[in-house]
Amino acid sequence: MTLPCTIHTTRATFTPAPGAAVTVSPEWRSKARRAAELAVRTVVPADAGPVGGHLELAGDVPLCRGFGSSTSDVLAAVWAVKDAFRAPLPAREVARLAVRAETASDSLMFEDSTVLFAQREGTVIEDFGYRMPPLRVLGFGSRPSNRGKGVDTLALPPARYDAAEIDRFAELRRQLREAIQTKDCALLGAVATASAEINQRHLPVPGFDRIRDIARTSGAVGVQVAHSGDIAGLLFDRDDPQADAHVAVASELLRGSGIDEQWNYTTGD
C-alpha cells in the first residue's frame, strides 16, 4: 500500500508529432519514454497512422530511496499523453501501463481511494473505498551510512514470506480495512508497525528497535518503512492537538540516534 507523499513532484509535458518515434528529455528517463509510447498506442486509434512526440520531464523526486521516483515519472508521462490527446484513461488502465513500463509500480494513480496493490502485476487486490485517514508523517533516512545510495528496486529479490507471515498479513489486511473505513489512525499505525516488523526479515532497517521505542516515547501511532528503499517514517494523528509537540520530540530523539536526514508533511495536503 502506498503512503502518499506531497513534498516531491514530477512534472511532464507531451507534445505530439508525426511519425512513430517518442523522445524524452532528459534522455536517461527511459521508463517514462516507454510509458509515453504505451500510452500513445492506447489512446490513439489504430487507423490514425503513426503518431509520436516529445516528452519533457522535470522534478525533484529522490532516486532509489522509496519515494516512488520511477512511478512518478511514468505516471506523469502517461497523464501528459492523456491530456495531450484529451483521452479518457481509467486508473486501472494507467496501472497496467505503468507496470508494463517499469516492471513494478506504486499505486499513485489511484487518487480517490486507498488500494492494496499487486505492484508487479498492476492489479488491485482490494479497493478499500476511502482515502486513508489524514496522517502527520516524520520521514527520515533509515540508513545514515548509506545516505544517497538508495536501493535498486528491480535488483532486490521479491520477499518470500513464510506461512506464518502470510497468515499475519491476512489479519493485518482485515485490520487495515477497518482502519480506513473508520478513519482510525491508531489502528492504521499499528498495521504499519506490524508490517514493518515483518519486513525486518527481508529488508531490515538498522536500529529498528530504537526507532520503535522512539515512536512509543513520542506518541506516534506507528512506524512505516519503504518496501524497497532506505527511508522510513513515524506516523502521527494529524488532528491530535499535541501533534506538533509529538513530532518535535520524535525529531530530537532521532537526531540523538544519529538520524538527521528528516522531513515532515501531512497526507492529503
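My aim in this report is to walk through the structure given alongside it, one point at a time. All figures in this text were calculated on a predicted structure; none of them were measured in a lab.

### Considerations on the pairing of strand E8 (residues 231–237)
The buried fraction of E8 amounts to six of the seven residues, a majority that puts the element mostly inside the structure. With seven bridges joining them, strand E6 (residues 135–141) and E8 adopt antiparallel strand pairing. In the strand pairing of E8, Gly-139 is matched with Gly-233. In terms of strand pairing, strand E7 (residues 222–225) meets E8 through four bridges, oriented antiparallel. Each residue of the ladder has a partner; that of Gln-224, found in E8, is Gly-233. Adjacent in sequence and paired antiparallel, E7 and E8 are bridged by five residues.

### A few points about the layout of surface pockets
Estimates place the volume of the second largest pocket at around 200 Å³. What lines the second largest pocket is simply Ala-20, Val-22, Glu-37, Val-40, Arg-41, Val-44, Pro-45, Ala-46, Gly-49, Pro-50 and Val-51. The biggest single contributor to the lining of the second largest pocket is helix H1 (residues 30–43), with three residues. Residue composition of the lining of the second largest pocket, by class: eight nonpolar, one polar and two charged.

### Observations concerning the sheet that holds strand E2 (residues 22–25)
Strands pair in a sheet through their backbones, by hydrogen bonds, and they do so in one of two ways: parallel or antiparallel. Reading across the sheet, the three strands line up as E1-E3-E2 and stay open at both edges, with mixed pairing between neighbours. Edge positions in the sheet fall to strand E1 (10–18) and E2, since each has one partner strand and no second. Averaged over all pairs of adjacent strands, the angle between their axes in this sheet comes to 15 degrees, without regard to strand direction. In the packing of helix H2 (residues 69–85) onto the sheet, the strands contacted are E1 and strand E3 (51–59), and the crossing angle to E1 comes to about 45 degrees.

### Quick look at the sheet that holds E8
An order of E7-E8-E6-E9 is seen for the four strands of this open sheet, with the pairing classed as antiparallel. Looking at strand neighbours, the two that pair on one side only are E7 and strand E9 (262–266), the edges of this open sheet. Going across the sheet, the axis of each strand differs from the next one's by a mean of 25 degrees, ignoring polarity. Contacts from helix H5 (residues 185–199) reach E6, E7 and E8, with the element oriented near 50 degrees to E7.

### Quick look at the environment of Gly-129
Take Gly-129: it is sitting in the loop between strand E5 (123–127) and E6. Overall, the relative accessible area of 47% leaves Gly-129 in the partly exposed class. For the pair Gly-129 and Arg-177, spaced 48 residues apart in the sequence, the C-alpha separation amounts to 9.1 Å. Residues contacting Gly-129, with those up to four places away along its chain left out, are Ser-113 and Thr-114.

Cut-offs used in this document
Residues numbered from 1 in each chain as written. Predicted model: local features only at pLDDT ≥ 70, side-chain atom pairs only at ≥ 80, totals over all residues. Heavy atoms only, no water. Buried < 20%, exposed > 50% of the residue type's maximum accessible area, 1.4 Å probe, protein only. Helix = DSSP H or I, 4+ residues; strand = E, 2+ residues; numbered from the N terminus. Pairing = 2+ DSSP bridges. 1 Å grid on protein atoms, 1.4 Å probe; cavity = no way out; pocket = protein on both sides within 12 Å on 5 of 7 lines; lining within 4 Å. Points joined across faces, edges and corners; volume = space filled by probe spheres on them. Nonpolar A, V, L, I, M, F, W, Y, C, P; charged D, E, K, R; others polar. Axes fitted to C-alpha atoms, helices over the stretch in contact; angles between N-to-C directions. Contact = heavy atoms within 4.5 Å.

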